[in-house]
Amino acid sequence: MRLRQADPADLPALTRLEQETLENPWTTEQLAEELARPDSRCLVAEEGGAVTGYALARLAAGVLELLRIGVSPAHRRRGVGGALLTAVVEAARHGGAEEIWLEVRAGNRAAIALYERGGFSRVGLRPRYYDHPPEDALLFQRTP
């Protein structure tokens, strides 16, 4: 597995991963807009030349917000998510972030376990934050 910065040529793979991994996937246009932002950071994991996972974050005012993280179902439980999360923490540290924040669906046990293993602590709840289906969001935080 190799981690690298995403580029516009990765948009089809990112769109596919959004569709495969998230309940409310972003469109190709939304992903392109996010990648074009100067405060946006996107890492991809590759194996055999194929993008198998990604992490999308935004850095502003000393806070890195992890917006999206997804791993192809065929590549889960192989350390891809953990490697991406570790790389995000390192990028936050080197980018001058003082904190990292994220939200996760309250019922997403696999993601919650990943974040807890990655040193994140639950610090809040956002009731009915998600639509389709309605669900609470758990707010997690850590320092890089």
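Scroll up to find the structure this text is about.
Quantities reported herein were computed from a predicted structural model and do not represent experimental measurements.

About the criteria used
Residues numbered from 1 in each chain as written. Predicted model: local features only at pLDDT ≥ 70, side-chain atom pairs only at ≥ 80, totals over all residues. Heavy atoms only, no water. Pairing = 2+ DSSP bridges. Helix = DSSP H or I, 4+ residues; strand = E, 2+ residues; numbered from the N terminus. Axes fitted to C-alpha atoms, helices over the stretch in contact; angles between N-to-C directions. Contact = heavy atoms within 4.5 Å. Salt bridge = Lys/Arg side-chain N within 4 Å of Asp/Glu carboxyl O. Buried < 20%, exposed > 50% of the residue type's maximum accessible area, 1.4 Å probe, protein only.

Participant: Is there a simple way to explain the sheet that holds strand S2 (residues 40-47) in this structure?
Facilitator: The strands that make up a sheet pair up through hydrogen bonds in the backbone, lying either parallel or antiparallel. Pairing in this open sheet of seven strands is mixed, and the strands run S1-S2-S3-S4-S5-S7-S6 from one edge to the other. At either end of the open sheet lies a strand with only one pairing partner, and these are strand S1 (2-5) and strand S6 (121-130). Averaged over all pairs of adjacent strands, the angle between their axes in this sheet comes to 25°, without regard to strand direction. Pairing between S2 and strand S3 (residues 50-60): eight bridges, direction antiparallel. Residue pairing across strands places Cys42 opposite Leu56, the latter belonging to S3. Relative to the sheet, helix H2 (residues 28-36) contacts S2, S3 and strand S4 (63-71), its axis offset from that of S3 by approximately 55°.

Participant: I keep staring at the pattern of salt bridges and nothing clicks. Help me out?
Facilitator: Between side chains of opposite charge, a pair can form when the charged atoms approach closely. All chains considered together, the criterion is met by eleven salt bridges. Residue Arg4 is joined to Glu46 by a salt bridge in which the shortest nitrogen-to-oxygen separation is 3.1 Å. Placement of Arg4 in strand S1 and of Glu46 in strand S2 is noted, with a sequence separation of 42 residues between them. Exposure class is identical for Arg4 and Glu46. Each is buried. A salt bridge links Arg93 to Glu90, with the shortest nitrogen-to-oxygen separation between them at 2.1 Å.

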